[in-house]
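Chains, contacts and geometry: an overview
Spelled out from the first residue to the last, the chains are:
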There are 2 protein chains.
Amino acid sequence: MAEQTQKKPSRIQQRNRRKILDAALDVFSAHGFRGATLDQIAEQAGLSKPNILYYFDGKEEIHVTVLSQLMETWLDPLAGLDPEGDPLTEILTYVQRKLEMSRDLPRESRLFANEILQGAPRMDPHLRADLKPLFDARCAVIQAWMDAGKLAQVDPRHLIFSIWATTQHYADFQAQIDVLLEGQEPTDAAAQFLQTMFRNLLTPGPNTTPA
Amino acid sequence: MAEQTQKKPSRIQQRNRRKILDAALDVFSAHGFRGATLDQIAEQAGLSKPNILYYFDGKEEIHVTVLSQLMETWLDPLAGLDPEGDPLTEILTYVQRKLEMSRDLPRESRLFANEILQGAPRMDPHLRADLKPLFDARCAVIQAWMDAGKLAQVDPRHLIFSIWATTQHYADFQAQIDVLLEGQEPTDAAAQFLQTMFRNLLTPGPNTTPA
DNA sequence: TCGTGTATTTACCAAATGGTCAAAAACAAG
DNA sequence: CTTGTTTTTGACCATTTGGTAAATACACGA
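Residues numbered from 1 in each chain as written. Chains lettered and ligands numbered in written order. Predicted model: local features only at pLDDT ≥ 70, side-chain atom pairs only at ≥ 80, totals over all residues. Heavy atoms only, no water.

A short note on the side chain of Glu90 of chain A
Residue and element names in this part refer to chain A. Along the chain, the position of Glu90 falls in helix α5 (residues 87-104). Buried within the structure, Glu90 lacks any salt-bridge partner; Arg138 is the closest side chain of opposite charge, at an N-O distance of 8.1 Å. Only 2.9 Å separates the side chain of Glu90 from the backbone nitrogen of Asp82, close enough to count as a polar contact. Ignoring anything within four residues of it in the chain, the contact list for Glu90 reads Gly80, Leu81, Asp82, Gly85 and Trp145. (Helix = DSSP H or I, 4+ residues; strand = E, 2+ residues; numbered from the N terminus. Buried < 20%, exposed > 50% of the residue type's maximum accessible area, 1.4 Å probe, protein only. Lys, Arg positive; Asp, Glu negative; His and termini not counted. Salt bridge = Lys/Arg side-chain N within 4 Å of Asp/Glu carboxyl O. Polar contact = N/O pair within 3.5 Å; in protein donor to acceptor, adjacent residues only side chain to side chain. Contact = heavy atoms within 4.5 Å.)

Structure representation (structure tokens):
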């Protein structure tokens, strides 16, 4: 059966589960949970619907599995922020990595956005268990940098929010951006803009927040 | 019938259409188009399902109507940006207004986000017809301000994107933010942060973009 | 090659859902 | 009250969709 409690998954099982999860990422990210159908996932995966339900207990389980896997990938850049590195460089690198993820993994970004938009019904536990601790830890690191005078004083929490918002925007609102930037040079102006914005924000100098 | 080609709508008709559209905003913004059901909308509106279909031709038409109405509200702040005003003040005021809209009209923000996330299937025409021209016009205004040396030189298009992204983030990702900021002082730190960020970005000074 | 557990398909089902229709209320005007 | 119009409803319908059961095909080690 598929419910092997501890058996090693056969090669064919691994392959099919991967195909299903990849198809599910496609479909869920494009239509949301309720908008996606098992038939669509089945077709995309090149398998029959009952066959898919042979590998997963139901639509819900597929969705949860995809979201769980996504979580790791998604937290990776933030987790990679090095408390020992140069503060400004670390943050600007983080911005850059997030921006690249929007480019290279738009499906993942949209899937995540979809889930949060609906109130994170299935992801809330993950957010509390995985994201929250990491978020708090990174806020503390950034705060320490600021206290040491290595960065301008701003609210670390909203700094992170603004990084997420601006970078993920390019994946999540791509349809809008395509309309607004139609036919314009594909220069990577976004990267340059964001680097400038966050550098200016974080560089301690004459423009710092008034006490 | 409801299909009066030019007749004035009766008072009861106006009232019911409004109830339906408000209920639809609730339901669509919370579950997306496919996730929303006519029964949910009917219940929320306090009407029966057939009665709803007496006022609207179908689910699709309700959705389109809500989106169209939303468009005006949504473009209003950008349209209100005054080319004659003080550049920095104008933009910072715009940021503030957009942030307030995220607070006061989160349903609208999420409905919009949902639609764009799905690739703007029903809104694409509106984007091209209404948003695009306004966007181009405002970009030109901002560019002129920069050329006159009244603002630091950055890409106006990405400036606007970043304003949208950061402000709407507070409505669209509220579920996530609630988890991450749980139990923290409800100070309006977001407003202060964003004002600082965009002021530092746009104030011509030592931290300007390198030529 | 054979047998056994694995994988896949065919044929279904029940619930949900968008939508219809005719008739009943409700209502307005004379 | 009566008549003509607008509004509302109850009873249905067809399709979609998540899911199941049983039968069939397949892989692969003995």
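Points about the domain arrangement of chain A
Residues and elements named next belong to chain A. Annotation of chain A at the domain level lists domain 1 (11-56) and domain 2 (59-202). A C-alpha centroid distance of 27 Å is found between domain 1 and domain 2. In total, domain 1 and domain 2 occlude about 1500 Å² of area from one another, counting both sides; carbon and sulfur atoms represent 70% of this. At the junction of domain 1 with domain 2, the criterion picks out two salt bridges. The partner of Arg107 in a salt bridge is Asp22, with the nearest N and O atoms 3.3 Å apart. Taken together, domain 1 and domain 2 are joined by four residue pairs in polar contact (both at pLDDT 80 or more). With eleven residues, the single largest contributor to the side of domain 1 that touches domain 2 is helix α1 (residues 11-35). (Domains from an automatic or database assignment. Buried area = accessible area lost by both parts, 1.4 Å probe.)

Quick word on helix α7 (residues 124-147) of chain A
With 24 residues, α7 of chain A should cover 34 Å at 1.5 Å per step; its first-to-last C-alpha distance of 32 Å lies within 8% of that length. Looking at α7 of chain A, one finds that the buried residues are Leu127, Leu131, Lys132, Leu134, Phe135, Arg138, Cys139, Val141, Ile142, Trp145 and Met146 of chain A. On the buried face of α7 of chain A, the contacting elements are α4 (59-79), α5, α6 (106-117), α8 (156-172) and α10 (189-202) of chain A together with α9 (174-180) of chain B. Within two residues after α7 of chain A, Gly149 of chain A carries a phi angle of roughly 75°, on the positive side. (Expected span 1.5 Å × (residues − 1).)

Here's the deal with the interface of chain B and chain A
One frequent convention defines the size of an interface as the accessible area lost when the parts assemble. The partner chain A presents 59 residues to the 59 residues of chain B that form the contact. At the boundary of chain B with chain A, total buried surface from both sides reaches about 5600 Å², with 64% on carbon and sulfur atoms. Linking chain B with chain A are two salt bridges, by the criterion used here. Between Arg128 of chain A and Glu182 of chain B there is a salt bridge, with its nearest N and O atoms 3.2 Å apart. Taken together, the connections running from chain B to chain A amount to ten residue pairs in polar contact (both at pLDDT 80 or more). Listed by contribution, the elements that provide at least two residues to the side of chain B that touches chain A are α1 (11-35), α6 (106-117), α7 (124-147), α8 (156-172), α9 and α10 (189-202) of chain B. Per-element accounting of the side of chain B that touches chain A gives the leading share, twelve residues, to α8 of chain B. Residues that form the side of chain B that touches chain A fall into these classes: 28 nonpolar, 20 polar and eleven charged. (Nonpolar A, V, L, I, M, F, W, Y, C, P; charged D, E, K, R; others polar.)

Topic: the protein's contact with DNA strand C
Around DNA strand C, the structure places 19 residues, and the nearest of them are Ser10, Asn16 and Tyr55 of chain A together with Leu38 and Lys59 of chain B. Contacts to DNA strand C include Gln13 of chain A, whose side-chain N or O atom sits 2.9 Å from a phosphate oxygen. Only α1 and α3 (49-55) of chain A together with α3 (49-55) of chain B provide two or more residues apiece to the surface near DNA strand C. For the surface near DNA strand C, the residue count by class is nine nonpolar, seven polar and three charged. (Near = heavy atom within 4 Å.)

Here's the deal with the nonpolar core
Grouped together as the largest cluster of nonpolar side chains are 140 residues, with contacts concentrated most on Ile62, Leu159 and Phe198 of chain A together with Ile62, Leu159 and Phe198 of chain B. For Ile62 of chain A, the residues in contact, after removing those within four places along its chain, are Ile20, Leu21, Ala24, Phe28, Leu38, Ile52 and Phe56 of chain A. (Core = buried A, V, L, I, M, F, W, Y, C linked by side-chain atoms within 4.5 Å.)

A look at the packing of α7 of chain A against α8 of chain A
Residue and element names in this part refer to chain A. For the pair α7 and α8, the least separation of the axes is 9 Å and the interaxial angle reads 115°. When the axes of α7 and α8 are compared, the crossing they make is right-handed. Contacts from Leu131, Phe135, Arg138, Cys139, Ile142, Gln143 and Met146 of α7 reach α8 at Pro156, Arg157, Leu159, Ile160, Phe161 and Trp164. A breakdown of the residues in the contact of α7 with α8 according to their chemical character gives ten nonpolar, one polar and two charged. (Axes fitted to C-alpha atoms, helices over the stretch in contact; angles between N-to-C directions. Left-handed = near helix turned anticlockwise from the far one by under 90°.)

Observations concerning the protein's contact with DNA strand D
Among the 19 residues in the neighbourhood of DNA strand D, the closest are listed as Leu38 and Lys59 of chain A together with Ser10, Gln13 and Tyr55 of chain B. Of all DNA strand D atoms lying within 4 Å of any protein atom, the proportion belonging to sugar or phosphate reaches 60%. At a separation of 2.8 Å, a phosphate oxygen of DNA strand D approaches a polar backbone atom of Leu38 of chain A. One of the side-chain nitrogen or oxygen atoms of Tyr55 of chain B is found 2.6 Å away from a phosphate oxygen of DNA strand D. Class assignment of the residues belonging to the surface near DNA strand D gives a composition of nine nonpolar, seven polar and three charged.

Section: the packing of aromatic side chains
Applying the stated criterion across every chain yields a total of 14 aromatic pairs over all chains. Relative to Phe33 of chain A, the ring of Phe28 of chain A has its centre 5.8 Å away and its plane inclined at 20°; by these criteria the two rings are stacked. Of the residues examined, Phe33 of chain A reaches a relative accessible area of 17% and is grouped as buried. A centroid spacing of 6.0 Å and a plane angle of 35° characterise the contact between Trp74 of chain B and Phe112 of chain B, whose relative ring orientation is tilted. Taken together, the residues Trp74 of chain B in helix α4 (residues 59-79) and Phe112 of chain B in helix α6 connect sequence positions 38 residues apart. The two residues Trp74 of chain B and Phe112 of chain B agree in class, both being buried. Clustering of aromatic rings is evident, with ring pairs tying together Phe135, Phe161 and Trp164 of chain A together with Tyr170 of chain B. Taking the ring centre of Trp74 of chain A as reference, the NZ or CZ of Lys98 of chain A above it sits at 4.4 Å. Looking at Arg122 of chain B, its charged tip hangs above the ring of Phe33 of chain B, at a distance of 3.7 Å from the centre. (Phe/Tyr/Trp six-rings, centres within 6.5 Å; stacked < 30°, edge-to-face > 60°. Lys NZ or Arg CZ within 6 Å of the ring centre and 35° of its normal.)

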